[in-house]
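Below are the chains, spelled out letter by letter.
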Amino acid sequence: LPAPPPGCCAWIGLGRRFRSRRRAHSEHAQQRRPPRQLSRRHRMRSVARCLLTPAPDQEEDVLARLAVTVDDPDEWSPSVAIAGAVAGFVADTLLHPFDTVSHRAKVHPTSRYGSFAGSMGLILKEEGLRGLLAGVSVTASYAGPASATYFAAYHALKDRGLVFAKSERDKQVLYLLCGAGAELASASVFLPCEVVKCRLQLGENPARATGGVVSRTVNYRGPIDAVRCMVREEGLASLWSGWRASILQDCVNSAITFLVYENVRAVIRAWTGKEPTAVASFAAGGLAGGMAAALTNPLDTVTARMMTQDARADRMGFGSGIGDVVRTAIAEGPGSLWRGTLVRVMHAVPSAAVQFAVFEAVRTWLDGRSKPPAAPPTPPPPHGTVEQSRRTTGAAAASSSGSIDGGTHRVAWEPAGVWSTSGFEWRQ
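Model, not experiment: these values are computed from the prediction. (Residues numbered from 1 in each chain as written. Predicted model: local features only at pLDDT ≥ 70, side-chain atom pairs only at ≥ 80, totals over all residues. Heavy atoms only, no water.)

Asker: Any chance you could break down the packing of helix α12 (residues 243-272) against helix α13 (residues 278-295) for me, citing the residues and the numbers?
Answerer: The interhelical angle for the contact between α12 and α13, taken along N-to-C directions, is 145°, at an axis separation of 8 Å. Every pair of crossing elements has a handedness; the one defined by α12 and α13 is right-handed. Contacts between α12 and α13 involve N253, I256, T257, V260, Y261, V264, R265 and I268 from the first element and A280, S281, A284, G285, L287, A288, G289, M291, A292, A293 and L295 from the second. Split into classes, the residues belonging to the contact of α12 with α13 amount to 13 nonpolar, five polar and one charged. (Axes fitted to C-alpha atoms, helices over the stretch in contact; angles between N-to-C directions. Helix = DSSP H or I, 4+ residues; strand = E, 2+ residues; numbered from the N terminus. Left-handed = near helix turned anticlockwise from the far one by under 90°. Contact = heavy atoms within 4.5 Å. Nonpolar A, V, L, I, M, F, W, Y, C, P; charged D, E, K, R; others polar.)

In structure tokens:
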């Protein structure tokens with residue numbers, strides 16, 4: 001190799017010394033620099049990022065599960081809210097008389113409304129059909145929006161939670177939490193409507209319906225009159241009477257309902273090899289609703305009594321808190337908390353069955369209409385004309401154009417798939 005020019009080695013050595021000194025100065029400055037103090041918001045954001053970001057070895061697994069969730073038929077879409085609103089309105093409005101009988105059986109301190117047939121006959125005898133339909137206007141007004149919020153919140157939470165559910169046990173816990181969260185989102189908004197409905201379901205004589213616990217002998221004329229009188233006489237807080245017991249009961253009931261419903265649908269899906277139909281959803285919803293109603297009946301009894309009683313201290317009531325209501329109910333007898341269980345199950349089974357069946361049917365119909373029309377089948381590619389400069393003989397010629405005895409032979413495609421000759425043309 002030729003020798004470097006004079007002075008080149010000196011410049012190279014000087015550059016190396018400069019870079020080494022700059023590196024040493026940078027390291028010394030970093031050692032003397034105080035650690036960076038992050039704000040509380042940045043620290044919380046860093047912790048959340050560490051918890052939600054998967055490990056490098058789990059990234060592919062999370063992406064695969066995310067893809068499965070996106071393609072899952074239970075993916076959230078606007079049709080979920082619409083189908084939920086229709087299902088809630090149909091189920092709650094049609095079965096409102098069952099809810100009235102169940103409510104009367106819980107708020108009376110004796111077994112006056114014991115059996116379902118006896119309770120319905122007694123209400124019809126004393127108040128007529130108007131007694132069974134008391135409060136149906138409130139139910140029809142808020143059942144649709146409440147159910148839309150309920151189903152939309154559940155499917156939104158479930159779709160995001162399935163990404164991180166690694167095992168079957170995680171899915172079961174997810175169904176419980178999503179059901180409770182969906183009911184919490186719905187009940188916290190529409191709880192005043194539920195309180196007004198419970199007051200109106202006492203019929204034309206609340207004192208008779210509650211065995212004297214409520215002193216009023218004439219009920220409100222309608223929902224607007226009920227809200228005005230309750231706010232004037234008992235304060236604005238009366239519209240949220242029993243909210244603790246109500247939210248607890250609704251969340252537990254919804255968690256059990258969706259846990260049973262999802263597992264029954266999974267069994268049907270594994271057995272049939274396809275998505276459950278509306279009839280299967282009807283059966284799964286009825287089973288889930290009946291089990292949840294039977295297990296949460298004591299909580300529903302406490303909730304109904306706290307919503308119904310007057311808030312004034314100078315009137316006899318069931319108690320001011322959940323513990324007081326439970327002690328009062330136990331003093332009435334060992335089975336007072338379970339009073340009306342059969343009536344509630346008879347109301348919950350058809351209500352949940354109709355609700356889930358209508359929800360799945362309406363959602364399937366809406367999803368089918370929202371999908372773009374299927375593309376028409378692609379026809380087979382036509383055989384183009386290929387120019388060749390060779391002679392073709394007989395029917396073995398596939399695609400040629402040339403000169404035979406001074407004539408031009410052209411081959412074209414026909415669906416008939418036969419050979420025909422007309423003049424100098426062959427068609428296949």
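Asker: Please set out the side chain of R104 residue by residue, giving values where relevant.
Answerer: By secondary structure assignment, the location of R104 is in helix α5 (residues 96-107). For R104, a relative accessible area of 0% corresponds to the buried category. Polar side-chain contacts of R104 include one of 3.4 Å to the backbone oxygen of L202. With sequence-adjacent residues up to four places away left out, R104 is seen in contact with Y113, I123, E127, G131, Q201, L202, G203 and A209. (Buried < 20%, exposed > 50% of the residue type's maximum accessible area, 1.4 Å probe, protein only. Polar contact = N/O pair within 3.5 Å; in protein donor to acceptor, adjacent residues only side chain to side chain.)

Asker: Can you break down the pattern of salt bridges residue by residue, with the values?
Answerer: Two side chains carrying opposite charge are able to pair once their charged atoms lie near each other. One pass over the full model with this rule turns up 18 salt bridges. The partner of D99 in a salt bridge is K197, with the nearest N and O atoms 2.9 Å apart. Pair noted here: D99 is in helix α5 and K197 is in helix α9 (residues 168-200), with a separation of 98 residues, a long-range link. Across the pair, exposure class does not vary: D99 and K197 are buried alike. Salt bridges here are not isolated pairs; linked through shared partners, they connect R104, E126, E127, E204 and R208. (Salt bridge = Lys/Arg side-chain N within 4 Å of Asp/Glu carboxyl O.)

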